[in-house]
Amino acid sequence: AEQLEADSLELYRAFMDTSFLQAQGWNSDQALIPYLPNSYEFYWNTSAVKFRDRMVKEYRAYWTKSRLEKAKAQGLSPEEVMALAAVVHKETAQIDERPKVAGVYLNRLRRGMLLQADPTVIYAIKKASGNYDTVIRRVLYRDLELDSPFNTYKYPGVPPGLIAMPDISAIEAVLNPEKHNFLYFVADTENFGYHIFSETLVQHNRNKAQYVRWLNAQKIRR
């Protein structure tokens, strides 16, 4: 809103307009889909509706025949690519690691496994409380019992919407994932920002132990 004459409330109303979303085949959980983070030129007095409609046009242009074919090859619709990209985006801020993380989730989907992505649980907690400013640094076992379609520890498949606004690198990571046999990963406490990957649950539990020890040493309870 600081870059356009339209204020934040006008933008929000345009983004969440039910008729608009239905016309695109989306629901309120998918409202973030067309807003690809990039550089765009607008007149300052562009209205909220014109801004929204321009973003939809840019989004449709992004989905070239090649990208649609890549999504299909992964067994995903464009909407599912965006939802999974949002999870990848929240899992790692390291652009070079995103294709590997995407590969893990796609391996899980192909095997019919639950995604079990902590960022989806955090989002589910915030959505349930209505407080999106809540800071959650540690997901607890009780959190995994939250009955929400966004809780990928309980519900299979890709989340029903976006838990964040993924950037282009996360979307491209889902469309061009790293091919490997990894099914698990956990934060690497010796190389902050990155993760340790494993193919088996036994390996993962061993790797996870170092992370839990680090959390406890840092007294991170929540």
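Computed from a prediction, not measured in an experiment: that's the story for all the values here.

### Regarding the packing of aromatic side chains
For the structure shown, the criterion picks out 14 aromatic pairs. Ring geometry for phenylalanine 20 against tryptophan 26: centres 6.5 Å apart, planes inclined by 80°, an arrangement best described as edge-to-face. Put simply, the rings of Phe15, Tyr35, Tyr40, Phe42 and Phe51 pair up and form one aromatic cluster. Just above the ring of phenylalanine 42 sits the side chain of arginine 54; from NZ or CZ to the centre is 4.7 Å.

### A short note on unusual backbone geometry
Residues other than glycine seldom take positive phi values, yet glutamine 116 does so here, at roughly 50°. Along the chain, glutamine 116 turns up in the loop between helix H6 (98-111) and helix H7 (118-129). Owing to a relative accessible area of 34%, glutamine 116 belongs among the partly exposed residues under this scheme.

### Quick notes on the nonpolar core
The nonpolar side chains of a soluble globular protein tend to be buried, and buried together. Of all hydrophobic cores here, the largest spans 41 residues; its most connected members are Val81, Leu84, Tyr105, Ile171 and Val174. Contributions of two or more residues to this core are made by helix H2 (18-24), helix H3 (48-62), helix H5 (78-91), H6, H7 and helix H8 (168-175). The leading source of residues in this core is H5, at 8 residues. Beyond its immediate stretch of four places on either side in the chain, isoleucine 171 contacts Leu36, Tyr62, Val81, Met82, Ala85 and Pro166.

### Re the environment of aspartate 118
Turning to its location among the elements, aspartate 118 is positioned in helix H7. On the basis of relative accessibility, which here comes to 30%, the residue aspartate 118 falls in the partly exposed class. Not counting residues up to four positions away in its chain, the partners in contact with aspartate 118 are Glu91, Val139 and Tyr153.

Parameters and conventions
- Residues numbered from 1 in each chain as written.
- Predicted model: local features only at pLDDT ≥ 70, side-chain atom pairs only at ≥ 80, totals over all residues.
- Heavy atoms only, no water.
- Phe/Tyr/Trp six-rings, centres within 6.5 Å; stacked < 30°, edge-to-face > 60°.
- Lys NZ or Arg CZ within 6 Å of the ring centre and 35° of its normal.
- Helix = DSSP H or I, 4+ residues; strand = E, 2+ residues; numbered from the N terminus.
- Buried < 20%, exposed > 50% of the residue type's maximum accessible area, 1.4 Å probe, protein only.
- Core = buried A, V, L, I, M, F, W, Y, C linked by side-chain atoms within 4.5 Å.
- Contact = heavy atoms within 4.5 Å.

So, to be careful, I would describe these as geometric facts and stop short of saying anything about function.
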